[in-house]
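Structure at a glance
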Amino acid sequence: MAGPSTAERGARGTTPSGPPPRFLRARRGFRLPGRRPLVVTAVAVTLLGAGAVWLLYGSSWLRAERVRVAGAGVLTAEEVRSAADVPLNTPMVAVDTAAIEHRLRERLPRIAKVDVSRSWPHTISLVVTERRPEAIVEEGGKFHEVDAAGVRFSTVNKRPKGVPVLEMEPDRSPSSRHFGPAGLRREAVRVVTQLPEKVRQDTRSLRVRSYDSITLELTGGRTITWGSGERGEEKAKTLTALMKAQPDADHFDVSAPSAPAVSRS
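If you're wondering where the values come from, they're calculated on a predicted model, not measured in any experiment.

A word on the side chain of His144
Along the chain, His144 turns up in strand E5 (residues 142-146). Judged by relative accessible area, His144 falls into the buried class, the value being 12%. A distance of 3.4 Å separates the side chain of His144 from the side chain of Glu139, its partner in a polar contact. Only 2.9 Å separates the side chain of His144 from the side chain of Thr155, close enough to count as a polar contact.

A short note on the packing of helix H4 (residues 77-84) against helix H5 (residues 97-107)
At a minimum axis distance of 8 Å, the contact between H4 and H5 shows a crossing angle of 120°. Judged by the inter-axis angle, H4 sits oblique to H5. Classified by chirality, the crossing of H5 by H4 is right-handed. Seen from H4, the contacting residues are Val80, Ser82, Ala83 and Ala84; seen from H5, they are Ile100, Arg103, Leu104 and Arg107. Of the residues assigned to the contact of H4 with H5, the class counts are five nonpolar, one polar and two charged.

Let's talk about the nonpolar core
Grouped together as the largest cluster of nonpolar side chains are 26 residues, with contacts concentrated most on Leu216, Ile224, Trp226 and Leu239. The set of elements that each furnish at least two residues to this core consists of strand E4 (135-139), helix H6 (174-194), strand E8 (203-210), strand E9 (213-218), strand E10 (223-227) and helix H8 (232-245). For this core, the leading source of residues is H6, giving five residues. Excluding anything up to four places from it in sequence, Leu216 contacts Val191, Leu195, Thr203, Ser205, Leu206, Arg222, Thr223, Ile224 and Trp226. Of all hydrophobic cores here, the second largest spans 19 residues; its members include Val67, Met92, Ile100 and Leu108.

Here we look at the environment of Trp61
Within the fold, Trp61 resides in the loop between helix H3 (35-58) and strand E1 (66-70). Residue Trp61 is classed as exposed on the basis of its relative accessible area, which comes to 56%. Each C-alpha atom of the pair Trp61 and Pro91 lies 8.8 Å from the other, and the pair is 30 residues apart in sequence.

Focus on H4
The periodicity of an α-helix, 3.6 residues per turn, causes residues three or four places apart in sequence to face the same way. The complete set of buried residues in H4 reads Val80, Ala83 and Ala84. The buried residues of H4 occupy one face: seen down the axis, they fall within an arc of 100°. Along H4, the residues that are exposed and aim more than 90 degrees away from the buried face are Glu78 and Ser82. On its buried face, H4 sits against E1, H5 and strand E3 (123-130).

Examining the pairing of E1
Of the two faces of E1, the one lined by Val67 and Val69 is fully buried and the one lined by Arg66, Arg68 and Ala70 carries no buried residue. Two strands pair when backbone bridges link them, and E1 and E3 are joined in this way by five bridges, in the parallel orientation. Residue pairing in the sheet places Val69 in a bridge with Leu126 of E3.

Scoring rules and cut-offs
Residues numbered from 1 in each chain as written. Predicted model: local features only at pLDDT ≥ 70, side-chain atom pairs only at ≥ 80, totals over all residues. Heavy atoms only, no water. Helix = DSSP H or I, 4+ residues; strand = E, 2+ residues; numbered from the N terminus. Buried < 20%, exposed > 50% of the residue type's maximum accessible area, 1.4 Å probe, protein only. Polar contact = N/O pair within 3.5 Å; in protein donor to acceptor, adjacent residues only side chain to side chain. Axes fitted to C-alpha atoms, helices over the stretch in contact; angles between N-to-C directions. Parallel < 35°, antiparallel > 145°, perpendicular 65-115°, else oblique. Left-handed = near helix turned anticlockwise from the far one by under 90°. Contact = heavy atoms within 4.5 Å. Nonpolar A, V, L, I, M, F, W, Y, C, P; charged D, E, K, R; others polar. Core = buried A, V, L, I, M, F, W, Y, C linked by side-chain atoms within 4.5 Å. Arc of directions from axis to C-beta. Pairing = 2+ DSSP bridges.

The following block contains the structure:
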């Protein structure tokens, strides 16, 4: 009995030499997903998205209810909260942290830096860094505090303890005209930050005549000719050595640290 013809075998999906190729078998088993699973998946994703939006914006679970303040020293926590003006009972995700930071820096110049963050689920955290007065400028019986960058950031009625007074007496030199009062003030504060700790504690005032003519007055009638803020570390080391070698001296000149001078009145 004759077997099936070649045409018949091709119609049945076989080849003369054996079963159909593997890719043909794979194609026969492949089925596109039905419409129902796709619709179910789309509905689930939509519901999850809507639920997330409601949780963040519509529910009472994730709302700003408290303001926590850290880092305040001279400022009180209540002063910081008041200046921050955090909108309470609003969705946490809608709280504008950049706007809060801007308000704090604008309303409280004593704040040098502030980190505003969300502490889920209900707290806005404010971590402040206050400016430290390195010197003060006395005007009209008031004291203006100046930080390490030369910024006048606060006015107080009483002189802060241990903070030297800047006595601005600029001459008519080209450097004084070039730097101006603000530049000379920054240079004077730069000198304060370079002083050895013990000398800094004893410094009562700094007289500023020009960029390179800054003189310090210490307790006990002692004076130091410092010059400019350049080579400050070298000057500090030289001054420490001079004071140790000549404890009874009352004037020290370290404006040229490689050729210092000491004298007694």
